[in-house]
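# Per-entry structural report
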Amino acid sequence: MKTMLPRLVFWGLNLWIFAYTLVLGLALLLQFTLGELPCPLCMLQRYGMILSTLAALWLVRQAQTGTLTAPRYLQGLGLGTLGSFVGAVFASRQIMLHILPGDEGYGSAVLGLHLYSWAFVTFCVVILFTALLGIIAPVALPEAPAQDSPAARISSALGLAFLAVVATNAVMIVFLEGFAWVLPDDPTGYALFGQ
């Protein structure tokens, strides 16, 4: 009897892509609508999310093409863990900068926590998730649905949505930095328009 675990792992990877696409998209929405411009640590956390999710996207694509092997799977999980660890380091650094009583933090709070605190939580969840997937890897290599199925199209659409959010972030960092090499510590506007 064939187990459903490989299919569940495949959709777990897709959920990972969807979750970080949503988080990055909402961060962009706050940036555009509320003027919550990201500081350098915020951008480094976004890069951690992107690196982490590129690993999930690579694994999904390998499963879709039927070329996913156990070593590649473990490499992808390792890359996802590394991206999340790097992001967690930057998020914890930003938390430590604003931990003193009376410090209002950077940006608005969402459900009582600032975005960098939420980022730290998501990085920890991804690290635990990749650890779990690594543990069950011998019996649960991701298995993609048939290529022309609606489920395969949904999975591909998630990947494209993530890449669109990444491209938007790349364009926005140019607008934020302008022609400077670094983003200002406390950005107040789009530097490209001021140059």
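Higher on the page you've got the structure.
Below is a summary of the structure that appears in this document. (Residues numbered from 1 in each chain as written. Predicted model: local features only at pLDDT ≥ 70, side-chain atom pairs only at ≥ 80, totals over all residues. Heavy atoms only, no water.)

## Quick look at the packing of helix H2 (residues 40–65) against helix H3 (residues 70–97)
Each pair of packed helices can be described by the angle between their axes along with the distance between the axes. Where H2 meets H3, the axes come as close as 8 Å, and the angle between the chain directions of the two elements is 165°. Between H2 and H3, the crossing angle belongs to the class labelled roughly antiparallel. Here the hand of the crossing between H2 and H3 comes out left-handed. Classifying every residue of the contact of H2 with H3 by side-chain character gives 13 nonpolar, 11 polar and two charged. (Axes fitted to C-alpha atoms, helices over the stretch in contact; angles between N-to-C directions. Helix = DSSP H or I, 4+ residues; strand = E, 2+ residues; numbered from the N terminus. Parallel < 35°, antiparallel > 145°, perpendicular 65-115°, else oblique. Left-handed = near helix turned anticlockwise from the far one by under 90°. Nonpolar A, V, L, I, M, F, W, Y, C, P; charged D, E, K, R; others polar.)

## Overview of the packing of H3 against helix H4 (residues 115–136)
Remark: H3 packs on H4, axes separated minimally by 8 Å, with the N-to-C direction vectors making an angle of 155°. One finds that H3 runs roughly antiparallel with respect to H4. For the element pair H3 and H4, the recorded crossing hand is left-handed. Grouping the amino acids of the contact of H3 with H4 by side-chain chemistry returns 13 nonpolar, 10 polar and no charged.

## Side note on the packing of aromatic side chains
Here the structure, examined in full by the defined rule, presents three aromatic pairs. Aromatic side chains Phe10 and Trp11 sit 5.2 Å apart centroid to centroid with 85° between the ring planes, which places their arrangement in the edge-to-face category. Here the aromatic rings of Tyr20 and Phe123 are separated by 6.1 Å at their centres, their planes lie at 45°, and the arrangement is tilted. With Tyr20 in helix H1 (residues 5–33) and Phe123 in helix H4, this residue pair connects regions lying 103 residues apart in the sequence. Exposure class is identical for Tyr20 and Phe123. Each is buried. (Phe/Tyr/Trp six-rings, centres within 6.5 Å; stacked < 30°, edge-to-face > 60°. Buried < 20%, exposed > 50% of the residue type's maximum accessible area, 1.4 Å probe, protein only.)

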